[in-house]
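# Chain and residue survey
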Amino acid sequence: MPAEPLPTGGRCPPVRVPLGIWAFTSLALLGAGICGMAASARTEGAIDAFGRWEQTLRHCRIERTPTGRPGAQAAPPAAAGELRCQRLRLDQQLEGLLVVRWVSTAAGSRYASRQLVFAGLLDQGSPPLRCTPEGLCRPAGTMALWVSVVAESGFGPRGLALGLPSTRRAKGLCRLEPRRFRCEATDDEGMLLRAEGTP
């Protein structure tokens, strides 16, 4: 899959976040400081900047490929491969910060799923989600996201988490267009993560 050209607009400096279960919260707080978007500065328009948008996908796949980068940890064979996915979810907790979640559900199960998450800052010029006071959102145009964190998690048939999410620093890009969604990032363990889908 050829690489997309990077956005030409300005970008925020790379976000460094502590790893662990609170990584996304730390990302939001630190990213807000870097880009001058303090949570306390909520204007009338920013109050409705929180919420979620979800899209069912007709074609969707997730790929995990070891890069063989010098010094990177070798990934076990089971860690690489391709996975089909069915849904894309965008979560916006602060305008300018976005979490992109790719969901693969198990056949015949309502709750069992695996999820791959890319989180980071929107490129300057990319419109944030437009949300109602009830938290229902929709994209306002093509979005480019500079990825700083990736995470993977799984849920069993009863909806219970299968252990703690695996959260890692990463560097990459998501490009979310009206008819095509794509994310690609390399984590600090040398794993190249790609996800692509169409509605």
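Residues numbered from 1 in each chain as written. Predicted model: local features only at pLDDT ≥ 70, side-chain atom pairs only at ≥ 80, totals over all residues. Heavy atoms only, no water.

### Quick notes on the overall build of the protein
Test applied: Here a strand is any run of E in DSSP of at least two residues, a helix any run of H or I of at least four, and the numbering for each starts at the N terminus. The classification of residues rests on relative accessible area computed with a 1.4 Å probe and restricted to protein chains. Under 20% of the type maximum is buried, over 50% is exposed, and intermediate values are partly exposed. Areas reported as accessible are Shrake-Rupley estimates using a 1.4 Å probe. Residue values count occlusion only from the protein chains shown.
Scanning the protein for helices and strands turns up one helix and 12 strands. Each helix and strand of the protein, placed in order from N terminus to C terminus, yields the pattern α-β-β-β-β-β-β-β-β-β-β-β-β. For the protein, the proportion of its 199 residues judged to be buried stands at 41%. About 10,800 Å² of surface is accessible on the protein, with carbon and sulfur atoms providing 56% of the total.

### Examining the sheet that holds strand β2 (residues 59-66)
Heads up, the rule is: The pairing criterion for strands is at least two bridges between them, as found by DSSP. What counts as an axis is a line fitted to C-alpha atoms, over the stretch in contact for a helix, and the angles between N-to-C directions run from 0 to 180 degrees.
What the 10 strands build is an open sheet, ordered β1-β4-β5-β6-β9-β10-β11-β12-β2-β3; its pairing is antiparallel. What marks the edges here is a single partner per strand, and that holds for β1 (51-56) and β3 (81-84). The average angle at which neighbouring strand axes cross in this sheet is 20°, direction not considered. Both β2 and β3 contribute to a ladder of four bridges, which runs antiparallel. If you follow Glu63 over to β3, its bridge partner there is Glu82.

### Side note on the confidence of the model for the protein
Convention followed: Scored from 0 to 100, pLDDT reflects the predictor's confidence in each residue. Contacts are residue-level and defined by heavy atoms, with any inter-residue pair within 4.5 Å sufficient.
Looking at the protein as a whole, the pLDDT averages 78, with 70% of positions reaching at least 70. Mean pLDDT across the elements of the protein bottoms out in helix α1 (residues 23-34) (42) and peaks in strand β11 (residues 180-187) (98). Confidence drops under a pLDDT of 50 for residues 1-47, and excluding neighbours within four residues, the segment shows 70 contacts in the predicted structure. This model gives residues 74-78 a pLDDT under 50, and the stretch forms two contacts once residues within four places in sequence are excluded.

### Focus: the nonpolar core
What counts, and what does not: Joining through side-chain atoms within 4.5 Å is the link that ties buried Ala, Val, Leu, Ile, Met, Phe, Trp, Tyr and Cys residues into a set, and such a set is a nonpolar core.
The biggest cluster of nonpolar side chains holds 29 residues, and the ones touching the most others in it are Leu88, Leu90, Leu98, Val100, Trp102, Phe118 and Val147. Listing elements by their share of this core, those giving two or more residues are β2, β4 (87-94), β5 (97-105), β6 (113-122), β9 (143-155), β10 (166-177), β11 and β12 (191-198). Sort the elements by how many residues they give to this core and β9 lands first, with four residues. Grouped together as the second largest cluster of nonpolar side chains are five residues, Val117, Ala119, Val149 and Ala151 included.

### With respect to the pairing of β6
Taken across its 10 residues, β6 has nine buried, putting it largely inside the fold. In this sheet, β9 lies alongside β6 in antiparallel orientation, the contact comprising 10 bridges. By the bridge assignment for β9, Leu121 is matched with Trp146.

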